[in-house]
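Observations on the model geometry
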Amino acid sequence: MLVSLLTAVAAFISLVGPGRMVGDPAASSQLAAELVQPGVISTDGGEIFPALSPDGQTLYFNTHLAGWSSHRLMMSRLGPDGWGEPEMLPFSGVYNDRAPRPSPDGRVLFFSSDRPLPGASRPRGDFNLWTVELMDDGSWGEPQPLPPPVTTEADEWHSSLTADGTLYFSSRNRPDSHGFSDLYRARFDGESYSEPENLGSPFNDRRSQSDVFVGPDGSFMVFVITDHPEGFGGDDLWASFFRDGVWTDPVNLGPEVNTSQYEYGPAVSPDGRYLYFSSHRRGLGDIYRIQLSELEVELLP
């Protein structure tokens, strides 16, 4: 078991990036960030919200059409020649499904969707957080929405789960929100989630905060702030650290990641070497990665 795991990790680490788009003027200041497998993962369509399985062997993401329509959940498996041809997950393709994120053990996939809640005949217009179980035979169960108090009539998006089961997500229009998308946390007691708490200061001011990824030990988070006056424009990726019981002031991940376009959907690889993220520097959206050692901000010790 240990040998096979080490072999899988070695294959994942040795995967050579597909090139850094050096000839692309929009990426001329982004030479550290590499486009993930052009023509297979990153195409002329829209590919966004990457996330890796705990063993690094499966890449989840979602595609979308122009106008941000028809979001579909996709997966690609790692082979000897890189990522294989993506396939749509069997329960996706009808509604807007986005931002897949596997649980720390890989047995449950969290995602956001506007699909109808159980008992309803059609969507009611908001996004909710859903889960679907990965069975032992590789098949998928039936998607289920997270119950209240996580699911409300507000929008719930883009979740991240720590090793102890704590759920982080973004939401807007909840009673304690600031009118934009705020970051929330709901603790898990082994059976259910507690009432979500707004993370408050130093986040959740009069700007939109979203697309959160939290380290498995809860020591850091990477998330989006939109149109920050000290940012690069559009959506930028920022980091904060949990120290002495509080979250530190957010710091921008810098020009190695952020551009004047939109960068969002962060996820750190399970081996702790790469930050994967979405960027619109080439158009509808592509998936990029960058080694954590090349960031201005030190995410991991």
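Each value, and the rule that gives it
- Residues numbered from 1 in each chain as written.
- Predicted model: local features only at pLDDT ≥ 70, side-chain atom pairs only at ≥ 80, totals over all residues.
- Heavy atoms only, no water.
- Helix = DSSP H or I, 4+ residues; strand = E, 2+ residues; numbered from the N terminus.
- Contact = heavy atoms within 4.5 Å.
- Salt bridge = Lys/Arg side-chain N within 4 Å of Asp/Glu carboxyl O.
- Buried < 20%, exposed > 50% of the residue type's maximum accessible area, 1.4 Å probe, protein only.
- Pairing = 2+ DSSP bridges.
- Phe/Tyr/Trp six-rings, centres within 6.5 Å; stacked < 30°, edge-to-face > 60°.
- Core = buried A, V, L, I, M, F, W, Y, C linked by side-chain atoms within 4.5 Å.

**So, the side chain of Ser170**
Topologically, Ser170 is positioned in strand β12 (residues 167-172). Once residues within four sequence positions are removed from consideration, Ser170 is found in contact with Asp155, Glu156, Trp157, His158, Ser181, Asp182, Leu183, Gln209, Ser210 and Asp211.

**Things to note about the pattern of salt bridges**
Evaluated as defined, the whole model comprises eleven salt bridges. Put simply, Asp126 and Arg124 hold a salt bridge, and the shortest N to O gap is 2.8 Å. On the accessibility criterion, Arg124 (46% relative accessible area) is partly exposed. With its nearest N and O atoms 3.8 Å apart, the salt bridge here joins Arg187 to Glu197. Here Arg187, found in the loop between β13 (181-186) and β14 (197-198), pairs with Glu197, found in strand β14; they are ten residues apart in sequence, far enough to count as distant. Taken together, the salt bridges that share partners define one network made up of Arg185, Arg187 and Glu197.

**A few points about the sheet that holds strand β20 (residues 263-268)**
What the four strands build is an open sheet, ordered β1-β22-β21-β20; its pairing is antiparallel. Either end of the sheet is taken by a strand with one partner, and the two such strands are β1 (34-35) and β20. Bridging between β1 and strand β22 (residues 286-291) involves two bridges; their strand directions are antiparallel. Within the sheet, the bridge partner assigned to Leu35 lies in β22 and is Tyr288.

**Here's the deal with the packing of aromatic side chains**
Using the criterion set out here, one finds 13 aromatic pairs in the structure. Measuring from centroid to centroid gives 5.3 Å for Phe49 and Tyr264, while their planes differ by 65°, and the two rings are edge-to-face. Of this pair, Phe49 sits in strand β2 (residues 46-52) while Tyr264 sits in strand β20, and the two are 215 residues apart along the sequence. Across the pair, Tyr264 and Phe49 agree in class, each one buried. Consider the rings of Tyr60 and Trp140, whose centres lie 6.3 Å apart with planes at 75°: the pair is edge-to-face. You can see Tyr60 sitting in strand β3 (residues 58-65) and its partner Trp140 sitting in the loop between β9 (128-133) and β10 (144-145), a full 80 residues away along the chain. Tyr60 gets classed as buried once you look at its relative accessible area, which sits at 4%. Here a set of aromatic residues connected by ring pairs shows up, and it is made of Tyr168, Phe203, Phe223, Phe242 and Trp247.

**Observations regarding the nonpolar core**
Leu237, Leu253, Val257, Leu275, Phe277, Ile290 and Leu299 are the most contacted members of the largest nonpolar core, which has 26 residues in total. Only β2, β16 (220-226), β17 (235-243), β20, β21 (274-279) and β22 provide two or more residues apiece to this core. Leu109, Phe111, Leu117 and Trp140 belong to the second-largest nonpolar core, a separate cluster that totals twelve residues.

**So, the pairing of strand β4 (residues 69-79)**
The pairing of β3 with β4 spans seven bridges and is antiparallel. By the bridge assignment, Asn62 is partnered in β4 with Leu73. Both β4 and strand β6 (residues 87-88) contribute to a ladder of two bridges, which runs antiparallel. Residue pairing for β6: Met75 is matched across the bridge by Glu87. Summarising the sheet, β4 and strand β5 (residues 82-83) pair through two bridges and their orientation is antiparallel. The partner of Gly79 across the bridge, within β5, is Gly82. Between β4 and the antiparallel strand that follows it, β5, lie two residues.

**Some points on the sheet that holds strand β7 (residues 97-102)**
Taken together, four strands build an open sheet; the order of strands is β7-β8-β9-β10 and the sheet is antiparallel. For this open sheet the edge positions go to β7 and β10, each flanked by a neighbour on one side alone. Bridge analysis of β7 against strand β8 (residues 108-113) gives four bridges, and the strand direction is antiparallel. By the bridge assignment for β8, Arg98 is matched with Ser112.

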